[in-house]
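Next come the chains, spelled out residue by residue.
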Amino acid sequence: MRLIDIFKITTPILFAYIPLGIAFGVFAVSFGLSWQVATFLSSVIYAGSAEFLVVAFIVFGAGLFEVFVTIFFVNFRHFFYSISMLNDFKNLKGLAKKYSIFALTDETFALFKLINIKNEDKQKAYTIIALLSQIYWVFGVFLGSFFGTYLDFNSEGLDFILTALFVVLAIEIYKKTRQKNILFISIILGLFGLFITKEYMLITTLLLASFYIIIFKNRIKIDKY
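Residues numbered from 1 in each chain as written. Predicted model: local features only at pLDDT ≥ 70, side-chain atom pairs only at ≥ 80, totals over all residues. Heavy atoms only, no water.

### Some details on the overall build of the protein
Note the following rule: A run of H or I in DSSP becomes a helix once it reaches four residues, and a run of E becomes a strand once it reaches two; helices and strands are each numbered from the N terminus. Relative accessibility thresholds used throughout: buried, under 20% of the residue-type maximum; exposed, over 50%; partly exposed, between the two (1.4 Å probe, protein chains only). Values of accessible area rely on a 1.4 Å probe in the Shrake-Rupley scheme; residue burial ignores everything except the protein chains shown.
Each helix and strand in the protein was counted, giving 13 helices and zero strands. Along the chain direction, N to C, the helices and strands of the protein fall in the order α-α-α-α-α-α-α-α-α-α-α-α-α. The proportion of buried residues among the 225 residues of the protein is 41%. With an accessible surface of roughly 13300 Å², the protein has 70% of that area assigned to carbon and sulfur atoms.

### Here's the deal with the environment of aspartate 121
Inspection of the secondary structure assignment puts aspartate 121 in helix α10 (residues 119-148). Residue aspartate 121 is classed as partly exposed on the basis of its relative accessible area, which comes to 21%.

### Remarks on helix α8 (residues 94-102)
Put simply, the rule reads: What the arc describes is the spread of directions from the helix axis to the C-beta atoms. We call two residues in contact when some of their heavy atoms are within 4.5 Å.
Buried within α8 we find Ala96, Tyr99 and Ser100. The buried side chains of α8 occupy one side of the element, clustering within an arc of 100° when seen end-on. Packing partners of the buried residues in α8 comprise α7 (86-89) and α10.

### Details of the confidence of the model for the protein
Under the convention used in this document: pLDDT is a per-residue confidence score from the predictor, ranging from 0 to 100.
Confidence in the prediction for the protein averages 79 pLDDT; 84% of positions are at 70 or higher. Here helix α11 (residues 160-177) stands out as the least confident element of the protein, with mean pLDDT 69; helix α3 (residues 35-44) is the most confident, with 90.

### Digging into the packing of α8 against α10
Spelled out, the test is: Between N-to-C directions, angles cover 0 to 180 degrees, with each direction set by a line fitted to C-alpha atoms, over the stretch in contact for helices. Geometric relationships in this document are graded by angle, where less than 35 degrees denotes roughly parallel, more than 145 denotes roughly antiparallel, 65 to 115 denotes roughly perpendicular, and other angles denote oblique. For any pair of crossing helices, the crossing counts as left-handed if the nearer helix is rotated counterclockwise from the farther one by less than a right angle, and right-handed if it is rotated clockwise.
Between α8 and α10, the shortest axis-to-axis distance is 9 Å and the interhelical angle comes to 45°. Looking at the two axes, α8 sits oblique to α10. Judged by the sense of rotation from one axis to the other, the crossing of α8 with α10 is left-handed. Between α8 and α10, the contacting residues are Ala96, Tyr99, Ser100 and Phe102 on the first element and Gln123, Tyr126, Thr127, Ala130, Leu131 and Gln134 on the second.

### Points about the packing of aromatic side chains
This is how the line gets drawn: What counts as a ring pair is set by centres within 6.5 Å for rings of Phe, Tyr and Trp (its six-membered ring), and what kind of pair is set by the plane angle: stacked under 30 degrees, edge-to-face over 60, tilted for all other angles.
For the coordinates displayed, the defined rule picks out twelve aromatic pairs. Between the aromatic rings of tryptophan 35 and phenylalanine 142, the centroid separation amounts to 5.6 Å while the plane-to-plane angle is 75°, which identifies the pairing as edge-to-face. Of this pair, tryptophan 35 sits in helix α3 while phenylalanine 142 sits in helix α10; the two residues are 107 residues apart in sequence, bridging distant segments of the chain. Ring plane angle 70° and centroid distance 5.7 Å describe the contact between phenylalanine 146 and tyrosine 150, whose orientation is recorded as edge-to-face. Each member of the aromatic cluster is reached from another via a ring pair, and the members are Trp35, Phe142, Phe146, Phe147 and Tyr150.

### What about the environment of alanine 38?
Here alanine 38 shows up in helix α3. Judged by its relative accessible area of 0%, alanine 38 falls in the buried class. A sequence separation of 106 residues divides alanine 38 from glycine 144, and the C-alpha atoms of the two residues are 9.4 Å apart. Here alanine 38 is in contact with Phe24, Ala28, Val141 and Ser145, once residues within four sequence places are set aside.

### A few points about the pattern of salt bridges
Where we set the bar: What counts as a salt bridge is simple: a side-chain nitrogen of Lys or Arg found within 4 Å of a carboxyl oxygen of Asp or Glu.
Enumeration according to the criterion identifies one salt bridge in this entry. Ionic pairing is found between arginine 2 and aspartate 5, a salt bridge with its closest N-O pair at 3.1 Å. Classification of aspartate 5 as partly exposed rests on a relative accessible area of 23%.

### Concerning the side chain of serine 133
By secondary structure assignment, the location of serine 133 is in helix α10. Taking the relative accessible area as the measure of exposure, serine 133 reaches 0% and is therefore buried. The residues contacting serine 133, other than those within four sequence positions of it, are Ile13, Tyr17, Tyr46 and Thr108.

### What about the nonpolar core?
Selection rule: The nonpolar core is taken to be a set of buried Ala, Val, Leu, Ile, Met, Phe, Trp, Tyr and Cys residues, with the residues joined through side-chain atoms within 4.5 Å.
With 41 residues, the main nonpolar core has Ile129 and Trp137 as its most contacted residues. When residues of this core are traced back to their parent elements, those giving at least two are α1 (3-9), α2 (11-30), α3, α4 (48-60), α9 (106-114) and α10. Considering every element that reaches this core, the biggest residue donor is α10, with ten residues.

Here it is in structure tokens:
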């Protein structure tokens, strides 16, 4: 698989991560962080929502335990991502496997589930997709934090970019799998989480979705999803 082909696959993430990274960079420097610290945080933490929280924790002097517990629950969904990727990652080896697990984000997970890659190409493709995605994010944060230090920048509305990206990816996954029952259950669970559980929406919907898959796994073609 050629590098240019892998790059084309990641263009939806490119157009989402750079603007949102810019928004985070502006957010970070507006709280008094330097562009160097903001860029470093985006490199080692690499979890969008968690990074926004870390900035607030740094500014308000939160304790390490509070930071750990909060970030753990914010990123709890990654347990489910990793479980569903076990069959794919078992073919990866060495540093490629470790890095692909580290760099697994919401967007790369959705992309991995959407694209078709031959087993012999997975080690190269997965690693490069994860690496390019992180480069997009870090570069966006650098741009936002560096220029945000010297320029006034209105980032209002940029957070909708990732929502739009997930809508597109969800549509593409449905077009690929044609799993109407999964689509219907996903909508029901999403509405339930939005209006009933509210602030616990993400964890609740993921847990319920996992129970549904476990209980009804014989009725759905989960290997194609």
